[in-house]
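# Topology and contacts: notes
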Amino acid sequence: MYKYRYTIFSCLLITALQVSSFVSYSQRNDGKDTLNNQQSNETIDATLNLPLGFTTTQKQTVGAINKIGGEDLRSYPDLSFSNTLQGRLMGLTVRQSTSGLGNNDASLYIRGLARGSNDQALTIVDGIERPIDFLNPEEIESVTILKDANSKILYGPRAANGVVLITTKRGKLNSKVLKVSADYGTSMATRLPEYLNSYQYANLYNEARANDGLTPFYSAAALSGYQQSTGALDQRYPNVDYYDYFLDKNTPYRKANLEYSGGQETSKYAFILGYNGSDGFEKVGKTPTQDRVNLRGNLDFQVGPMLKAFVDANAIVETRSWSGIDQNSVFSALSTHRPNEYPIIITDPTLAAMNTKIGDEPVPPLGGSYLRPTNLYGNLLYGGSTKSSFFYGQTTFGLDLNLGRVVKGLSVKSTFTFDNYQFFQQGKDATPVTYASELTKTSLGADTIVYFPLQQRVNPTTLVRQSESIARNMGFIAAINYVSKVGNNELNANLSHFYFKNEDRTSIQDIKNTNTLLKLNYNISNKIFTEGTLALMGSNRFASSGDYFKNGINANDGMQSIDGNRFNLSSALGLAWVISEENFLKDSRILNYLKLKSSYGVLGYDASTDFYLFNTRYYDNGTYSFNQPNVNNAASNAFRASLDRVGNPNLEWEKSRELNIGAEGLALNNLLGFEFNYFNTLRYDMIVTPNNQYPDVAGGLFGPVNMGRTKNQGVEGRANWGTRLGDVKLDLGGNFIYSKNKVVETNEVLNQPANLLRTGTSSDAIFGYNATGLFRDPAALSVSPFQTYGKYGVGDIAYQDLNKDNVIDNRDALAIGNSFPRTTLGLDMNFRYKRLGLFLLATSELGVNAMATNSYFRNSGEGKYSALALNRYHPVNNPAGTQPALTTYSGANNNLASTFWMVDADFLRLKNAELSYTIDRNASTVKAYRFYLRGTNLLVFSSMKDLDPEVLNAGVTNYPVYRTVTAGVSVDF
């Protein structure tokens, strides 16, 4: 499909023009012409479609729920949808990643770190657990996050970390809508590491050898040769700028979408077709490409006077292609292959076309080294090819039966979902010819180059299967809803059952869980709202009574109840008071709306629990021979079994005890909207194996226990200001979250010194040593404590002797930083003047550290030298240097985790911007044109100037963080 990506891109626009002739009426709401959607009474009374058939309004909610419309996310062009959410929703922390083209999915955290590992939120699309990064913003109606116990309990055993709930678009009554849009632009790296050239490297490598007491490796003639090198093809003195030689400065980005939706009394429909594509940065060999097509159809229809049905179908098809090595391997080579390691191509005529078989494409001999026999140029151009494709089909069918004619206020809803994911990758791995070269002299004293073969040519003629995967999801939801009004009071009751099953070919065990709940909401005079929920959650990660009987355990022997622990009863309560409805505030000119709310609950959680921890298991460990010496008699061999794991049949569910207290409101004639929440969570009964609390002589004869406890608390808030003055409309918004957790109890060695304890520290604490600087003179070195981590001397890092025993060892470590931001901010501005619009979004992370561990920061051994090596310490050449002295050894003493390598990873980023111009025509065919210019990751402000502070390895071990700028047009028919 990738061959036809430009055809697909163009055809979507042509298709829209053809369909437009059938459209007689359209509605448009691009989300830019009104004040912030959180600042109107319409939003307060708007319906929130929560899972399991439960509906409520923002005014009636007692918990912590925040929502954003899909229209507000369109301005962010990216291949992974999760990146569009950064800075947009209060309480949601979105952290970027880099893993190659189209794999830069962000990690989503709701209210920080609740447990210390596996803290990411559950993602739900149209009522069932599904991945979200394949989605396009154009197919999304809204994104809602569920943050407190009272709202999360609806999603059962996997929801305690919070829920990102996505609802896709559906047709609207009495409307016909046709929209088409097309974007094209370019992506470029924001920051790339800088490495030294061959001359600089050779000079510093000689200095490193001198520091180690060794003779220089590079002669004066060689240094002169590198200084005058002709570049990557210089046979004697190569000088390769890998990032410039192998990478393009920019790469194209393509996007197109078509939406056709509408509805009438008997049926409603939404049809959305989208295309997303981009290319990689590699300019040698096969440039990586990714092309994805999304097709979604949502249909609602009236079967009879009381019965409605809906059918949803979504198909995602994606193809990718790249050379024989992936992007991780490419960037690892870029950041480790030294500039003088080898000439890219050997032009010596005596080697030309050698080892090329009949029928093979001509392959020139390529350079290599004994340390790195591969050649990046050869791997990209002659190292084979790879193609992958996946198909993701999602189907949903449901019935909604209104029994109001039988029992007023009664309705029944059922939904069945089935998803199928298939992935296949094929390719061939070829090996080009490489040679190591050595400059030597002939018997007559003349310079000559001798070549030593490293790799022989291997060129498979057929593609082979490299990887495949099949996964399926199945879900079932049944709900009974009852609404009853008595005077000014209203009762909403929901009884529902939810079942989810995941089958994955790569996993032996299926995931199965259920949730049966009763939810009651009572509205008193539209001022006081109470809500209570009981949920019986089920999970196949815990034992049932049948598991005990199978394993010879009597369920009545006092160890376990007859039902085992497969089910867990969770509960939540909530209360909200719309205090602005009271007489003493009802006529306030300043405060238009104010609601106080609180919720409390205890939820079960199973997603981080391994399967079959309740079973003791053994494994086949070969045989043991009882034969006499030198006698081989198989009949005398006995099979040997060894202990694999000790089970614990008494394991209970991990639980999350949560409290939320908040307030939300509108003020100053609805111009100012605000919300603030305090949250406090205790995650307890976390399952751990207490191996650190037992000596090695115990032999591992202990099972997992419910021991871990982590407390997390913080505050979150948002404020939105919207105003209008003539033709000028201005919306300003901001949201923040501050969170910090503390490990209350965990698996660690007992009776340790306080500085080594993880208990009492945050779960994201970075442990290391307090570096006091570099040893700069022999006198200081001679009186310092002895450091036990390898060779060290003047120019190396000195550490604090924390326990004052005159020895630096593992007992001197302590918590020196934290890897998760304490505060996350999102700031946005939406400005409109007549037809002109400007949207800006800034995001920030504060109170976060990162450990600089990659090859850019650590210059030692036989590795490549980055620009930081110019600032190394040397008593003569650079006595003011702040980096450790260079060495050709491993530099183990300097490579310890310590405050020396701790960097401040705080940043403020101009995340997203859009400049638009709208032309309203209100003609019979075309209603409006909208032209726009969009950008992402435009600027970043941070004390870290070399690499990206949010993703410190970006550009070193994989793709960089990239800036994307696109231009596009949207047409409403």
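All of the points below concern the structure found in this document.

Broken down by element type, the chain carries 11 helices and 44 strands. The principal-axis extent of the C-alpha atoms belonging to the chain is close to 110 × 80 × 65 Å. Within the chain, buried positions represent 54% of all 973 residues. Across the chain, contacts joining residues at least 24 apart in sequence account for 72% of those joining residues at least 6 apart. For the chain, the exposed area adds up to about 41700 Å²; of that, 56% sits on carbon and sulfur atoms. Of note, the chain has its 91 positive side-chain charges centred 5 Å away from the centre of its 88 negative side-chain charges.

Glancing now at the sheet that holds strand β3 (residues 65-69). As summarised here, the arrangement of the 5 strands in space is β3-β8-β9-β6-β7, forming an open sheet in which the pairing is mixed. Each edge of the open sheet is held by one strand with a lone partner, namely β3 and β7 (128-129). Where strand β6 (residues 122-125) and β7 come together, 2 bridges link them in antiparallel fashion. Looking across to β7, one finds that Ile 124 is bridged to Glu 129.

Throughout the structure, instances matching the rule amount to 50 salt bridges. The salt bridge partner of Arg 158 is Glu 129, with a shortest N-O separation of 2.9 Å. Taken together, the residues Arg 158 in the loop between α3 (149-152) and β9 (163-168) and Glu 129 in strand β7 connect sequence positions 29 residues apart. Its relative accessible area of 18% is what places Glu 129 among the buried residues.

Looking now at unusual backbone geometry. One non-glycine residue, Ser 525, lies in positive phi territory at about 55°. Positive phi, close to 60°, is recorded for Tyr 612, a residue that is not glycine. Of note, Tyr 612 is situated in the loop between β25 (591-605) and β26 (617-625). Here Tyr 612 falls in the partly exposed class, since its relative accessible area comes to 28%.

It is worth spelling out the packing of aromatic side chains at this point. Under the counting rule described, the total for this entry stands at 36 aromatic pairs. A centroid spacing of 6.0 Å and a plane angle of 55° characterise the contact between Phe 281 and Tyr 962, whose relative ring orientation is tilted. In this pair, Phe 281 is assigned in the loop between β12 (267-279) and β13 (289-302) and Tyr 962 in strand β44 (residues 962-972), connecting sequence segments 681 residues apart. Centre to centre, the rings of Tyr 769 and Tyr 799 are 5.8 Å apart; their planes meet at 55°, and the pair counts as tilted. With Tyr 769 in the loop between β32 (765-768) and β33 (771-774) and Tyr 799 in strand β35 (residues 797-799), this pair connects stretches of sequence that are 30 residues apart.

Contact pair helix α4 (residues 198-211) / helix α5 (residues 220-227): the axes reach a minimum separation of 8 Å and the direction vectors enclose 155°. What the angle tells us is that α4 and α5 run roughly antiparallel. Residues Ser 198, Tyr 199, Ala 202, Asn 203 and Asn 206 of α4 touch α5, and the partners they reach there are Leu 223, Tyr 226 and Gln 227. Partitioned by chemical class, the residues of the contact of α4 with α5 number 4 nonpolar, 4 polar and no charged.

What follows concerns the nonpolar core. In this structure, Phe 246, Leu 334, Ile 344, Leu 376, Tyr 377, Phe 857 and Leu 952 are the most contacted members of the largest nonpolar core, which totals 55 residues. For this core, the secondary-structure elements that each account for two or more residues are α6 (242-246), α7 (327-336), α8 (376-382), β33, β35, β40 (849-851) and β41 (902-904). Phe 246 has contacts with Phe 281, Glu 282, Lys 283, Val 284, Leu 334, Ile 344, Leu 376, Tyr 377 and Leu 380, leaving out every residue within four places of it along the chain. Leu 89, Leu 92, Val 125 and Leu 135 belong to the second-largest nonpolar core, a separate cluster that totals 19 residues.

Alternating residues of strand β4 (residues 92-95) divide into Leu 92 and Val 94 and Thr 93 and Arg 95, and every residue in both groups is buried. In this sheet, strand β5 (residues 107-110) lies alongside β4 in antiparallel orientation, the contact comprising 4 bridges. Across the sheet, the residue bridging to Thr 93 is Tyr 109, located in β5.

Bringing the sheet that holds strand β18 (residues 434-441) into the picture now. Overall, mixed pairing links the 3 strands, which are arranged β15-β18-β19 in an open sheet. Across the chains shown, the open sheet's two edge strands, defined by having one partner strand only, are β15 (366-368) and β19 (447-455). On average, each strand axis in the sheet is inclined to that of its neighbour by 50°, with strand direction left out of account. Looking at chain direction, β18 and β19 are connected through 8 bridges and run antiparallel. Of the residues in β19, the one forming a bridge with Thr 440 is Thr 448.

Take Leu 915: it is sitting in strand β42 (residues 907-920). The class of Leu 915 is partly exposed, set by a relative accessible area of 40%. Residues Leu 915 and Phe 931, 16 residues apart in the sequence, show an inter-C-alpha distance of 8.4 Å. Excluding residues within four positions of it along the chain, Leu 915 makes contact with Leu 836, Gly 837, Leu 838, Phe 931, Tyr 932 and Leu 933.

Because an α-helix completes one turn every 3.6 residues, residues spaced three or four positions apart along the sequence face the same direction. With 14 residues, α4 should cover 20 Å at 1.5 Å per step; its first-to-last C-alpha distance of 20 Å lies within 8% of that length. Turning to α4, its buried residues number three or more, namely Ser 198, Tyr 201, Ala 202, Leu 204, Tyr 205, Asn 206, Glu 207, Ala 208 and Arg 209. Buried residues along α4 sit in contact with α5. For α4, the N-terminal capping position is held by Asn 197, with its side-chain oxygen 3.2 Å away from the main-chain nitrogen of Tyr 199. A positive backbone phi angle near 80° is found at Gly 213, which sits one or two residues after α4.

A word on the environment of Gln 800. By the secondary structure assignment, Gln 800 is in the loop between β35 and β36 (807-808). Each C-alpha atom, one on Gln 800 and one on Tyr 769, is 7.2 Å from the other, the two residues being 31 residues apart in sequence. Dropping the residues within four chain positions of it, Gln 800 is found in contact with Asn 770, Thr 772, Ile 808 and Asp 812. Engagement of the side chain of Gln 800 in a polar contact is seen with the side chain of Asn 770, the distance being 2.5 Å.

Taken together, the side chains of Ile 480, Leu 495, Leu 518, Leu 520, Leu 534, Leu 536, Phe 567 and Leu 569 define a hydrophobic patch exposed on the protein surface, amounting to about 730 Å² of accessible area. Of all the secondary-structure elements, those providing two or more residues to the nonpolar patch are β22 (511-524), β23 (528-539) and β24 (567-578). Its location among the elements puts Leu 569 in strand β24. Judged by its relative accessible area of 59%, Leu 569 falls in the exposed class.

Of all the residues in α5, the buried ones are Ala 222, Leu 223, Gly 225 and Tyr 226. All buried residues of α5 project into a common sector of 160° when viewed along the axis, lining one side. α5 presents Ala 220, Ala 221 and Gln 227 as exposed residues on the side facing more than 90 degrees away from its buried surface. Buried residues along α5 sit against α4.

Basis of the calculations
Residues numbered from 1 in each chain as written. Predicted model: local features only at pLDDT ≥ 70, side-chain atom pairs only at ≥ 80, totals over all residues. Heavy atoms only, no water. Helix = DSSP H or I, 4+ residues; strand = E, 2+ residues; numbered from the N terminus. Buried < 20%, exposed > 50% of the residue type's maximum accessible area, 1.4 Å probe, protein only. Contact = heavy atoms within 4.5 Å. Areas by Shrake-Rupley, 256 points an atom, 1.4 Å probe, with all protein chains shown as cover. Lys, Arg positive; Asp, Glu negative; His and termini not counted. Charge placed at Lys NZ, Arg CZ, Asp CG, Glu CD. Pairing = 2+ DSSP bridges. Salt bridge = Lys/Arg side-chain N within 4 Å of Asp/Glu carboxyl O. Phe/Tyr/Trp six-rings, centres within 6.5 Å; stacked < 30°, edge-to-face > 60°. Axes fitted to C-alpha atoms, helices over the stretch in contact; angles between N-to-C directions. Parallel < 35°, antiparallel > 145°, perpendicular 65-115°, else oblique. Nonpolar A, V, L, I, M, F, W, Y, C, P; charged D, E, K, R; others polar. Core = buried A, V, L, I, M, F, W, Y, C linked by side-chain atoms within 4.5 Å. Expected span 1.5 Å × (residues − 1). Polar contact = N/O pair within 3.5 Å; in protein donor to acceptor, adjacent residues only side chain to side chain. Patch = residues over 30% accessible without salt bridge, like charges linked within 9 Å, V, L, I, M, F, W, Y side chains within 5 Å. Arc of directions from axis to C-beta.

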